[in-house]
Amino acid sequence: MSDNVTFEVQVVELIYTTIPAQDENGYIDIDNPSSKIEPSWKFTLYNPNDQLVYVCYVDAVDGKNFRYYKIFE
């Protein structure tokens, strides 16, 4: 996620996530949405620099579809 921060790994889980289906142009149909279920790695990470916890998801099959979120408590 960053070259300047060393995150502390708190939890690693293999889970299933819902991913919105995209058309051939990469768009999501908001009028008739559909989705697929995919296995993903979920990493819960602590950043000692900002003292926040992040959750990251990576597709378990191909390593793509990386996304992350800050957890606000």
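The rules we used
Residues numbered from 1 in each chain as written. Predicted model: local features only at pLDDT ≥ 70, side-chain atom pairs only at ≥ 80, totals over all residues. Heavy atoms only, no water. Helix = DSSP H or I, 4+ residues; strand = E, 2+ residues; numbered from the N terminus. Buried < 20%, exposed > 50% of the residue type's maximum accessible area, 1.4 Å probe, protein only. Contact = heavy atoms within 4.5 Å. Salt bridge = Lys/Arg side-chain N within 4 Å of Asp/Glu carboxyl O. Core = buried A, V, L, I, M, F, W, Y, C linked by side-chain atoms within 4.5 Å. Pairing = 2+ DSSP bridges.

Asker: Help me out: how do you make sense of the environment of Lys64 in this one?
Answerer: Along the chain, the position of Lys64 falls in the loop between strand S3 (52-59) and strand S4 (67-71). Given the relative accessible area of 56%, Lys64 is considered exposed. A sequence separation of 45 residues divides Lys64 from Ile19, and the C-alpha atoms of the two residues are 12 Å apart. Residues contacting Lys64, with those up to four places away along its chain left out, are Val58 and Asp59.

Asker: I would appreciate a short explanation of the pattern of salt bridges in the present structure.
Answerer: Two side chains bearing opposite charge may form a pair once their charged atoms approach each other closely. Applying the stated criterion across every chain yields a total of 1 salt bridge. The shortest N-O distance in the salt bridge between Lys42 and Glu13 comes to 3.8 Å. Highlighted residues: Lys42 in strand S2 (residues 35-47) and Glu13 in strand S1 (residues 8-20), separated in sequence by 29 residues.

Asker: Help me out: how do you make sense of the side chain of Thr44 in this one?
Answerer: Position of Thr44 among the secondary structure elements: in strand S2. You can call Thr44 buried: its relative accessible area is 11%. Among all residues touching Thr44, those that are not within four sequence positions of it are Glu8, Val9, Gln10, Val11, Val53, Tyr54 and Val55.

Asker: Hey, could you run me through the nonpolar core in this one?
Answerer: Note on soluble globular proteins: their nonpolar side chains tend to be buried together. Counting residues in each nonpolar core, the largest one holds 5 residues, listed as Val5, Phe7, Leu45, Tyr54 and Cys56. Contact partners of Val5, with chain neighbours within four places excluded, come to Asn47 and Asn49.

Asker: Explain the pairing of S2 here, please?
Answerer: Consecutive residues of a regular strand have side chains that alternate between opposite faces of the sheet. In this structure, S1 lies alongside S2, joined through 12 bridges in antiparallel fashion. Bridging across to S2, Pro20 finds its partner in Ser35. As judged from the 8 bridges shared by S2 and S3, these two strands associate in the antiparallel manner. Residue pairing for S3: Tyr46 is matched across the bridge by Val53. Between the antiparallel neighbours S2 and S3 lie 4 residues, among them Gln51 with a positive phi of about 55 degrees.

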